[in-house]
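Summary of structural features
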Amino acid sequence: MPTIYHDKDADMTVLRGRTVAVIGYGNQGRAQALNMRDSGVQVIVGNVDDDYKAAAAGDGFTVLPIAEAAKAAQIVVLLLPDEIQPAVYNEQLGPHLGGGDTLCFASGYNIHYRQIVPPADVDVILVAPRMIGQAVRNLYAQGRGFPCLVAVQQDASTRALPTALAVAKAIGATRLGAFRSSFEEETLIDLFAEQMLWPGILQLCLLYHEKLVANGCDPDVVTNELYLSGEFVEIAKAMITCGFFEQLRLHSHTSQYGQLSRANRMAPPALLEVVDGVMGELRSGAFAREWAAEQAQGLPTLKRLWREASQHPMAASEKRLELLRTTMANWIG
Ligand code: NDP
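This write-up is about the structure you can find in this document. Quantities reported herein were computed from a predicted structural model and do not represent experimental measurements. (Residues numbered from 1 in each chain as written. Predicted model: local features only at pLDDT ≥ 70, side-chain atom pairs only at ≥ 80, totals over all residues. Heavy atoms only, no water.)

1. Observations concerning the site of the ligand
If you check the shell around the ligand, you find 21 residues, and the closest are Tyr25, Asn27, Asn47, Asp50 and Asp82. With respect to the ligand, the backbone of Asn27 contributes an N or O atom lying 2.8 Å from an oxygen atom. In this structure, Gln85 approaches the ligand through a side-chain N or O atom, which is 3.3 Å from an oxygen atom. Against a free-state accessible area of 890 Å², the protein chains account for coverage of 76% of the ligand. The class makeup of the residues in the shell around the ligand is 11 nonpolar, eight polar and two charged. (Near = heavy atom within 4 Å. Polar contact = N/O pair within 3.5 Å; in protein donor to acceptor, adjacent residues only side chain to side chain. Areas by Shrake-Rupley, 256 points an atom, 1.4 Å probe, with all protein chains shown as cover. Nonpolar A, V, L, I, M, F, W, Y, C, P; charged D, E, K, R; others polar.)

In C-alpha cells form, the structure reads like this:
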C-alpha cells in the first residue's frame, strides 16, 4: 500500500509566521491561492503586470512583481506553465531564495530533468493536485477534497515533508488523500499518460471514425457514438464507482464477451515496442531535450501537428454537430 496522508496527518502550524508567495495566477495559481487564504495562510501573489495580475488584485491579494514576491516570502509556490518556469526561476526567483526557504512545485518536470537546480540549503517540495485548477477551487469551496501527490526532493530544514503536507491540507487535498510520491514518479506518470495513454486513445478514436465511415456509416452518427452521446463519460464514472473491470457488468453480455475476448488483440508485440520506446525517451531525458529544442525553434512541429489535427474529417463532423455538443455540455455541466 502506498502511504496516503489525510487531514489528521498534516499540521498547518508549520506555516505559521511564514508568507507563501504564489507565483502565477492561472489555473492552479488562482485556485491554490484562494484555498490557502481561506485556510488561514498568509498568501501573496507574484505576477507580471497584465490581466492575471488584475484578477489577483480583484480577488483581494497583494500582488507584487515576481522577484519582489519571492523576496517577501519564505515559501514560494511556483505555478507558472512548466516551459516558462526555468527562465523565470533563473532571472527572478533563484537570486532571492535563501537558507530556510521552501520552493514548492505542482509538477515534477523541471526538477526531475534538472531544468531548475535550486541551491542545496533550500527545501524543494512537490504538492501536485490530480485535478484541474477550477475543480481544485470548486471542490474546496464545497467542503470536498481531491487527490494529490506530495514529495520531497531536498530537505535542508528537516521540515520539508511537514511543510508539503501543510500546503496539501491548506489547498484541500488531504481531505481526500495525498499520496507520498517522488518528483521522478510524478513526472513519469504525467508524461506517460500524455505520450502513451491519451495518444493511444486518440489514435483509436480516429481509426474507429475512419474505418466506420469507410464501411458506409454516417460520419456524424459515428462522432455521436464515439463520445457525444455522453456514454463515454458515464463509463468513466462507473469505473470510479464500480471499478475498472466490474463496470463491464453494466454492459450487455455481447459487449462483455466482445471486450474481454478481443482485448489482447489490441496489444500486439509491435505496440509494446512503441510503449517501451516512449518510456525509454522519458527515462533517458530524450523527450525533455526534444521539447526544449522545439520551444527554442518557436514550436514549428507543434504548429504543424495542430494544422493536421484540425483537418481530420472528425473535426468537420464536430462542427456540424455543434448544437448537440452544446446541449450535452450543458447537461453534463
Ligand atoms: P497556467 O497556464 O494557468 O499559468 C498561467 C500563469 O502563468 C499566469 O499567471 C500567467 O501570467 C503566467 N505566465 C505565463 N507566461 C508567463 C511568462 N512568460 N512570464 C511570467 N508569467 C507568465 O498554468 P497552470 O496553472 O496550468 O500550471 C501551473 C503548474 O501547475 C504547472 O507546473 C503545471 O504542470 C501544474 N499543474 C497544472 C494542472 C492544471 O490543471 N492546469 C494540474 C496539476 C498541476 P501572465 O499571463 O500574466 O503572464
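2. Here's the deal with the pattern of salt bridges
All told, the structure shown has 11 salt bridges when counted by the stated rule. We note a salt bridge from Arg30 to Asp59, for which the minimum N-O separation is 2.8 Å. Placement of Arg30 in helix H1 (residues 27–38) and of Asp59 in the loop between helix H2 (51–58) and strand E4 (63–64) is noted, with a sequence separation of 29 residues between them. Overall, Asp59 belongs to the partly exposed group, its relative accessible area being 22%. For Arg130, the salt bridge identified is with Asp190, shortest N-O distance 3.8 Å. (Salt bridge = Lys/Arg side-chain N within 4 Å of Asp/Glu carboxyl O. Helix = DSSP H or I, 4+ residues; strand = E, 2+ residues; numbered from the N terminus. Buried < 20%, exposed > 50% of the residue type's maximum accessible area, 1.4 Å probe, protein only.)

3. Quick notes on the nonpolar core
Across soluble globular proteins, nonpolar side chains have a tendency to be buried as a group. Val22, Met36, Phe61, Val77, Val127 and Val150 are the most contacted members of the largest nonpolar core, which has 40 residues in total. Residue assignment for this core shows that the elements contributing at least two residues are strand E2 (20–23), H1, strand E3 (43–46), strand E5 (75–78), strand E7 (123–129), helix H6 (133–141), strand E8 (147–154) and helix H7 (160–171). At eight residues, H7 tops the list of elements feeding residues into this core. Residues within four places of Met36 in sequence aside, it is in contact with Val20, Val22, Val41, Val43, Val77, Val167, Ala170 and Ile171. (Core = buried A, V, L, I, M, F, W, Y, C linked by side-chain atoms within 4.5 Å. Contact = heavy atoms within 4.5 Å.)

4. Let's talk about the environment of Trp331
Topologically, Trp331 is positioned in helix H16 (residues 322–332). Placed 230 residues apart in sequence, Trp331 and Asp101 show a C-alpha to C-alpha distance of 46 Å.

5. Quick notes on the packing of H1 against H7
In the contact formed by H1 and H7, the axes pass within 7 Å of each other and the chain directions differ by 95°. For the element pair H1 / H7, the angle class is roughly perpendicular. Every residue of H7 that contacts H1 at Gln32, Asn35 and Met36 is listed here: Val167, Ala170 and Ile171. In terms of residue class, the contact of H1 with H7 is made up of four nonpolar, two polar and no charged. (Axes fitted to C-alpha atoms, helices over the stretch in contact; angles between N-to-C directions. Parallel < 35°, antiparallel > 145°, perpendicular 65-115°, else oblique.)

6. Some remarks on the sheet that holds strand E1 (residues 4–5)
Spatially, E1-E9-E8-E7-E6-E5-E2-E3-E4 is the arrangement adopted by the nine strands of the open sheet, whose pairing is mixed. In this open sheet, the two strands that pair with only one neighbour each are E1 and E4. Sheet topology places E7 next to E8; six bridges connect them, and they run antiparallel. Across the sheet, Pro129 pairs through a bridge with Cys148, a residue of E8. (Pairing = 2+ DSSP bridges.)

Read these as geometric descriptors, not functional statements.
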